[in-house]
Amino acid sequence: MRPVLLSGHERALTQVKYSSDGDLIFTVAKDQIPSVWFSANGERLGSYSGHVGAVWTVDVNPDTTLLATGAADNTMRLWNVKTGKLLKTWEFESSIKRVEFSPDGRQLLGVTERRQNVLPSIMVFDIIPDVDAEQSSEHALRIICDESKATVAGFSYNAKYIIAGHEDGTVTQYDGKTGEYIDNIQAHEEEMQVTDLQWSPDRTYFITSSKDKSAKLITTDDLEVLKTYVTDTPLNSAAIFPVKDYVILGGGQAAMDVTTTSARQGKFEARFYHKIFEDEIGRVRGHFGPLNYVAVDPTGKSYASGGEDGYVRLHHFDRTFFDFMYEVEREAATGRL
Amino acid sequence: MSKAQTTQGRTDWAEDDDDDAITLPPTQINKNKDGTETIISYRLDDQGRKVKTTRRIKKVTVRHTVNPRVAERKQWAKFGVEVNKPKGPTADTTSVGEDIALKLSMNYKAAQQEEKSAIEQKKVSLKETKIKCRICSGEHWTSKCPYKDTMAPEGEPAPGVADDEGSQNEGVGGLGQGGSSYVPPHLRGKAGVTGERMGGGKYDRDDLATLRVTNVSEFAEEGELREIFGRFGHVTRVFLAKDRDTGRAKGFAFISYSDRAEAQRACDKMDGFGYHHLILKVEFAKKST
């Protein structure tokens, strides 16, 4: 497996996203210019210029026409994926730490940061999935997280719920239409921030990662913790592999402590865990800073990781990767034949 | 030299200037019996020399079903900072990293722990080694021995072979104990502590599958070598020694394969192969001691 290194960013990567067909990769970093790449060969297709602060988050709508980004310049922006043209800017009183489209692409949420006199909140906007349409400036819904700041959030299947992960390690379920609070669980250790939330392909369950060195698989409907993946390093990201029962976790020692340790001790590796047996089954090294985000191709051909070191490493899997099976899995597979 | 070849029959170099418009022979395409095609084409290179290219190709149709949306996006024009750049990845933003083996295994954790405990054991064994003075056999370093100026090391006539008991050397790193016994770093014993290399042995390669190629033309390039040697198997590393000032090849290269059998095959086939204007010499790289 020879990774492709994408070195278009000058500063630490913050998020990496695949398009729904897996052919494009969107990357954002602290250097203010989001980029888009072809996943097949690592060629850069273009960039989106306009932000004047570190870009924290990116998402693309399901038909790959609209791109949303959120940044430290207190704006959330909408772009034309094909041309790089800025279509809409929403201004807020604090920076945007997470954006996500609903599964049908008709809603967009943004998670705002806490500031003095500004309560952290989750803002939902209605989106017209057309690049020429005039988008509404008014938010359709606002969920205020007064207890603990939301760090990550996303829409469940059919946008029925909005699930948010918080600074204090809890995961909350809100109603997707009214924004009403429904349920809350202490998924991770107290005061350990939830760093990432990524969905299974059908969005009936999701995976959260946390600074408490673990990742959890949780159901959408009743927030039941199904699986726990324990590691030895703070995690920044976790992704569910679509075609095989694997999960990929990424993390590493916090960026501020990195200079005091060697690359080996920093544990800057992507870790592969078996989704069902919760065992670690492999690691991929390469970054020389913590991994800030791992994203998996929805078609399962590759995965990409963005690191604090400013590189995106794009890995296309070898065939042996897909052949690996546990003894019981193999028995089950042969029994079925 | 090659200039002279293209302008055969001319005697006056001054006439070179106006031969920009050399008429190039048309491209020939010959169909071979075994289904391959031979294409002979001519072009002028950047110095105006005529270059003849002979290619033998076999056409294989590989059908690949691509989502129409994906196919459409492939044709999109570049924009933003990439605007007007040609198609294909550019070297400044896209590069290929070192080969990484991802081998999934059920007992990955256990294997890791074993590795760790091996390191621990080594540490313990290092701790247990006793310090022994070579002069008086006391428990201190030879260089700190109170008798070092008055007595010669016991049982050791010649200074310089200071290294048969490795344990004495750690700490001072094997550097001259009580005399002129400098030992070059690579000759110091195991305990001569070379220090942990960065990247944890990332560059520890399998010397058994590495070939040394000598008599390489100074115009050789790594990419070309990779291509040539890649025919025999999976090349994990190509190292072409280059002159730091001129950037030209120094005349030798190392090629590592992932498998010794492939390396053996490449060695057999490529030894004596004519590359550029020289004949390559290929042999297994000797393990450095």
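Counting restarts for each chain: residues are numbered from 1 in the order of the written sequence. The order in which chains are written sets their letters, starting at A; the order in which ligands are written sets their numbers, starting at 1. Residue-level local features of this predicted model are given only where pLDDT is at least 70; pairs of side-chain atoms are given and counted only at 80 or more, and the full residue set underlies all totals for whole chains, interfaces and linings. By convention in this description, side-chain values take in all heavy atoms of the structure and omit both hydrogens and water.

All names here are of chain A. Being paired, for any two strands, means DSSP has found at least two bridges between them. A run of H or I in DSSP counts as a helix once it spans at least four residues, and a run of E counts as a strand once it spans at least two, with each numbered from the N terminus. The antiparallel open sheet is built from 4 strands, whose spatial order is E18-E19-E20-E21. Looking at the sheet topology across the chains shown, the edges are occupied by strand E18 (194-199) and strand E21 (225-230). Direction aside, the axes of adjacent strands within the sheet are offset by 20 degrees on average. Relative to strand E19 (residues 205-210), E18 runs antiparallel, the two being bridged by 5 bridges. The axes are straight lines fitted to the C-alpha atoms, using for helices just the contacting stretch, and the angles between their N-to-C directions are given from 0 to 180°.

A few words now on helix H5 (residues 260-270) of chain B. All names here are of chain B. Burial classes: relative accessible area under 20% of the type maximum marks a residue as buried, over 50% as exposed, and values in between as partly exposed (1.4 Å probe, protein chains only). Where H5 is concerned, the buried positions are Glu-262, Ala-263, Ala-266, Cys-267 and Met-270. Viewed end-on, H5 has its buried residues packed into an arc of 140 degrees, placing them on one side of the element. Those residues of H5 that are exposed and angled more than 90 degrees off the buried face are Asp-268 and Lys-269. Should any heavy atoms of two residues lie within 4.5 Å, those residues are counted as being in contact. Its buried side turned inward, H5 meets strand E5 (210-214), helix H4 (222-230), strand E7 (249-257) and strand E10 (281-284). Taken from the residues just after H5, Gly-272 is the one with a positive phi, measuring 90 degrees. Here the arc refers to the set of directions running from the helix axis out to each C-beta atom.

Once that is clear, we can look at the sheet that holds strand E12 (residues 121-126) of chain A. Residue and element names in this part refer to chain A. Taking strand neighbours across the sheet as the criterion, the 4 strands line up as E10-E11-E12-E13 in an open arrangement whose pairing is antiparallel. Of all the strands in the sheet, just strand E10 (96-101) and strand E13 (141-144) have a single pairing partner and so form its edges. Mean inter-strand twist for the sheet, computed between neighbouring axes without regard to direction, equals 15 degrees. Sheet analysis places strand E11 (residues 107-112) next to E12, joined by 5 bridges and oriented antiparallel. Bridged to Gln-107 within E12 is Asp-126.

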